[in-house]
Amino acid sequence: MFEKIIVTTDLSEEAARAYSLAKELAQKHGSSITLLHVIDTSFLVAYPGIIDMPVVVAPGAFDDVRAKVKEQLAADIAKHFNGVDVTLEISDTVGSPHL
């Protein structure tokens with residue numbers, strides 16, 4: 001029934017509550033899981049809409065953030081998804097991904 005299940009997370013304990021249901025569904029249907037976290041990059045943009053100029057982000061600016069997110073997601077997978085095929089997806093976006 002479900003070939004692929006996408007589970008979004010903001011890395012909070014509240015978001016982790018969905019993990020057990022996703023794991024149960026994946027095991028029942030032989031599904032794979034994609035664990036998705038979106039990094040809001042708007043903190044790099046000072047005064048959006050006020051300053052009319054392009055914003056240049058230094059190369060590697062997100063490397064530390066991505067590494068910490070990947071580390072947390074790997075820990076979540078080890079803790080919550082034993083025996084299930086899980087892939088990680090980390091996406092960068094400007095704005096408020098939670099709205």
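For the structure itself, look to the data block above.
Caption draft 1: A look at the sheet that holds strand 2 (residues 32-40). In spatial order, the strands read 1-2-3; together these three strands make up an open sheet with parallel pairing. Two strands bound the open sheet, and with one partner strand each, they are strand 1 (4-8) and strand 3 (86-93). Going across the sheet, the axis of each strand differs from the next one's by a mean of 25°, ignoring polarity. Sheet analysis places strand 2 next to strand 3, joined by eight bridges and oriented parallel. The partner of isoleucine 39 across the bridge, within strand 3, is aspartate 92. Sheet contacts for helix 2 (residues 63-80): strand 2 and strand 3; angle to strand 3, the most-contacted strand, approximately 150°.

Caption draft 2: The arrangement of the side chain of threonine 34 in detail. Turning to its location among the elements, threonine 34 is positioned in strand 2. Setting aside residues no more than four positions away along its own chain, threonine 34 makes contact with Lys4, Ile5, Ile6, Val7, Thr87 and Glu89.

Caption draft 3: Seen up close, the environment of histidine 80. For histidine 80, the location among the structural elements is in helix 2. Once you skip the residues sitting within four places of it in the chain, histidine 80 turns out to touch Ala16, Tyr19 and Lys23.

Basis of the calculations
Residues numbered from 1 in each chain as written. Predicted model: local features only at pLDDT ≥ 70, side-chain atom pairs only at ≥ 80, totals over all residues. Heavy atoms only, no water. Pairing = 2+ DSSP bridges. Helix = DSSP H or I, 4+ residues; strand = E, 2+ residues; numbered from the N terminus. Axes fitted to C-alpha atoms, helices over the stretch in contact; angles between N-to-C directions. Contact = heavy atoms within 4.5 Å.

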